[in-house]
Amino acid sequence: MFKLVTIYGGSGFVGRYVARRMAKAGWRVRVAVRRPNEALFVRPFGAVGQVEPVFCNIRDDESVRAAMIGADAVVNCVGVLVGRGKNSFDAVHVDGAERIARLATEQGVAQLVQMSAIGADSASESTYASTKGKGEAATLAVYPDVVILRPSIIFGAEDEFFNRFAKMTRFGPVLPIVGADTRFQPVYVDDVAKAVQQAVEGGVAPGVYELGGPDVSTFRELMDQMLRVIQRRRLVINVPFPVARMKAYGLDMIEKISLGLVRNGLITRDQVRTLRYDNVVADGAKGFADLEIAPVPSEAVLPDYLWPYRPSGQYAAIKDSAKNLRAR
């Protein structure tokens, strides 16, 4: 009989790659999400009936339990970059993680994998990082054999990093960023999914693994790389942290005063705090090498999905080739 894995947040950026890999490996996949009707795209990842989205609210015990019934393994991919309303950082990263782990123990689930993030630290000044750290601690307290994966910035076709800044280049000659000298270690989303698959299948010892790609680059260097790929020239300007804090404060207040009608989609105060610290694998941390995975460099993947942002879009390669033709 096929084994069953429940993936909480399985229709999200990382979750969908995990779902696809698990389906290809022959597992039945239950994708637990808030809006199953918006996650129907996961069904073709496997044979008919192999991959199914189901409703789940991770703030509710019975909802989480129902999605977990009969599962041999559980993956928690739920996370938020901005905490809003009932889906606050604490509710999702701490309470949600503890709930999934506690119920996994209650139901005798053999493998539990939790997605966290590099920089997770309960003492961090960043609410995002501190709640990730508290979520890890809460999970370990009730499910000590959990495998916790901490990726750096994740890139891939659906990412909210390179895609976001590539879109910004369409609106002017200047590209403002906060924390230009902050270092990142971008990791390909399918490499993260590969690590999750290994952990689900029991090939990974319990513990914390920090996942970073083969290259360490500053924020400015990543933007320069992105600009070369999309063939645009923009002036990358570093916004000083004091200025960024004031701007983020104003945007956060507008959202608060408007009762959420006007969303802060640019940068929050918590994101400014997060950008003050490097996002790279710590010295001595377990990582891809321990999993025998060779991570893919960003330069090998970015051209595959950033080409729509080029001035000539899909015709950029043809135009480049035409320049080499000699007039006859």
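It should be noted that the structure appears before, not after, this text.
Overview of the structure. (Residues numbered from 1 in each chain as written. Predicted model: local features only at pLDDT ≥ 70, side-chain atom pairs only at ≥ 80, totals over all residues. Heavy atoms only, no water.)

Tallying secondary structure elements over the chain gives twelve helices and 13 strands in all. Its C-alpha atoms give the chain a radius of gyration of 21 Å, near enough to 20 Å, the size a compact globule of 328 residues would have. Oriented by its inertia axes, the alpha-carbon framework of the chain measures out at about 70 × 55 × 45 Å. Taken over 328 residues, the chain has a buried fraction of 49%. If you take every contact in the chain between residues at least 6 apart in sequence, the share linking residues at least 24 apart comes to 76%. For the chain, the accessible area works out to roughly 16,200 Å², and carbon and sulfur atoms hold 53% of it. (Helix = DSSP H or I, 4+ residues; strand = E, 2+ residues; numbered from the N terminus. Rg over C-alpha atoms; globule rule 2.2 N^0.38 Å. Buried < 20%, exposed > 50% of the residue type's maximum accessible area, 1.4 Å probe, protein only. Contact = heavy atoms within 4.5 Å. Areas by Shrake-Rupley, 256 points an atom, 1.4 Å probe, with all protein chains shown as cover.)

Quick look at the pairing of strand E1 (residues 4–8) now. A regular strand places its side chains on the two faces of the sheet in alternate fashion. The buried fraction of E1 amounts to five of the five residues, a majority that puts the element mostly inside the structure. Burial along E1 is two-sided: the face carrying Leu 4, Thr 6 and Tyr 8 and the face carrying Val 5 and Ile 7 are both buried. In terms of strand pairing, E1 meets strand E2 (residues 28–33) through five bridges, oriented parallel. Looking at the pairing, Leu 4 lines up with Arg 28 of E2. The pairing of E1 with strand E4 (residues 73–76) spans four bridges and is classified as parallel. Bridge assignment links Val 5 to a residue of E4, and that residue is Ala 73. (Pairing = 2+ DSSP bridges.)

The subject of this paragraph is the packing of helix H3 (residues 89–106) against helix H4 (residues 127–142). One way to put it is that H3 packs onto H4 with a least axis distance of 8 Å and a crossing angle of 15 degrees. Relative to H4, the element H3 lies roughly parallel. Judged by the sense of rotation from one axis to the other, the crossing of H3 with H4 is right-handed. On H4, the residues touching Phe 89, Asp 90, His 93, Val 94, Ala 97, Glu 98, Ala 101, Arg 102 and Thr 105 of H3 are Thr 127, Tyr 128, Thr 131, Lys 132, Lys 134, Gly 135, Ala 138, Thr 139 and Val 142. (Axes fitted to C-alpha atoms, helices over the stretch in contact; angles between N-to-C directions. Parallel < 35°, antiparallel > 145°, perpendicular 65-115°, else oblique. Left-handed = near helix turned anticlockwise from the far one by under 90°.)

Once that is clear, we can look at the pattern of salt bridges. Applying the stated rule across the entire model yields 14 salt bridges. Salt-bridge contacts for Glu 210 lead to Arg 150; the nearest nitrogen and oxygen are separated by 3.0 Å. Note that Glu 210 is positioned in strand E11 (residues 207–211) and Arg 150 in strand E6 (residues 147–151), a separation of 60 residues in sequence. Accessibility expressed as a relative area gives 9% for Glu 210, which makes it buried. (Salt bridge = Lys/Arg side-chain N within 4 Å of Asp/Glu carboxyl O.)

On to the sheet that holds E4, then. Spatially, seven strands are ordered E3-E2-E1-E4-E5-E6-E11 in an open sheet, and the strand pairing comes out parallel. The sheet terminates laterally at strand E3 (51–55) and E11, the two strands that pair on one side only. In this sheet, neighbouring strand axes are inclined to one another by 20 degrees on average, regardless of whether the strands run parallel or antiparallel. Running at roughly 155 degrees to strand E5 (residues 111–115), helix H6 (residues 189–200) makes contact with E1, E4, E5, E6 and E11 of the sheet.

When two helices pack together, their arrangement is given by the angle between their axes and by how far apart the axes lie. Running from N to C, helix H1 (residues 13–24) and H6 point in directions that differ by 55 degrees, and their axes come no closer than 9 Å. Here H6 runs oblique to H1, going by the angle between their axes. Where H1 crosses over H6, the handedness of that crossing is right-handed. In this structure, H1 contributes Phe 13, Val 14, Tyr 17, Val 18, Arg 21 and Met 22 to the contact, and H6 contributes Val 189, Asp 190, Val 192, Ala 193, Lys 194, Val 196, Gln 197 and Val 200. Looking at side-chain class alone, the contact of H1 with H6 contains ten nonpolar, one polar and three charged residues. (Nonpolar A, V, L, I, M, F, W, Y, C, P; charged D, E, K, R; others polar.)

Here the second largest pocket defines a volume of roughly 260 Å³. What lines the second largest pocket is a set of 14 residues, and nearest its centre among them are Val 82, Gly 83, Asp 252, Thr 268 and Arg 269. Mapped onto the lining of the second largest pocket, the elements with two or more residues apiece are helix H8 (241–257) and helix H9 (269–274). Class assignment for the residues of the lining of the second largest pocket results in four nonpolar, three polar and seven charged. (1 Å grid on protein atoms, 1.4 Å probe; cavity = no way out; pocket = protein on both sides within 12 Å on 5 of 7 lines; lining within 4 Å. Points joined across faces, edges and corners; volume = space filled by probe spheres on them.)

Between its first and last C-alpha, H8 extends 24 Å over 17 residues, near the 24 Å set by a 1.5 Å rise per residue. Listing the buried residues of H8 in full gives Ala 244, Ala 248, Leu 251, Asp 252 and Glu 255. An end-on view of H8 places all buried positions within 100 degrees of arc, on one side of the element. Facing away from the buried side of H8 by more than 90 degrees, the exposed set consists of Met 246 and Ile 257. Check the buried side of H8 and you find it contacts strand E8 (174–178), strand E13 (235–239) and H9. At the exit of H8 stands Leu 259, carrying a positive phi of roughly 60 degrees. (Expected span 1.5 Å × (residues − 1). Arc of directions from axis to C-beta.)

Turning to the state of the cysteines, a few remarks are in order. One pass over the full model with this rule turns up zero disulfides. Here Cys 56 stays unpaired: no disulfide links it, and the sulfur of Cys 77, its closest cysteine neighbor, is 13 Å away. (Disulfide = S-S within 2.5 Å.)

With 38 residues, the main nonpolar core has Val 5, Val 29, Leu 149 and Val 200 as its most contacted residues. No other element matches H6, which puts seven residues into this core. Ignoring sequence-local partners within four residues, the contact set of Val 29 consists of Leu 4, Val 5, Ile 7, Ala 19, Met 22, Ala 23, Gln 50, Val 51 and Glu 52. Of all hydrophobic cores here, the second largest spans 28 residues; its members include Phe 155, Phe 184, Val 229 and Ile 230. (Core = buried A, V, L, I, M, F, W, Y, C linked by side-chain atoms within 4.5 Å.)

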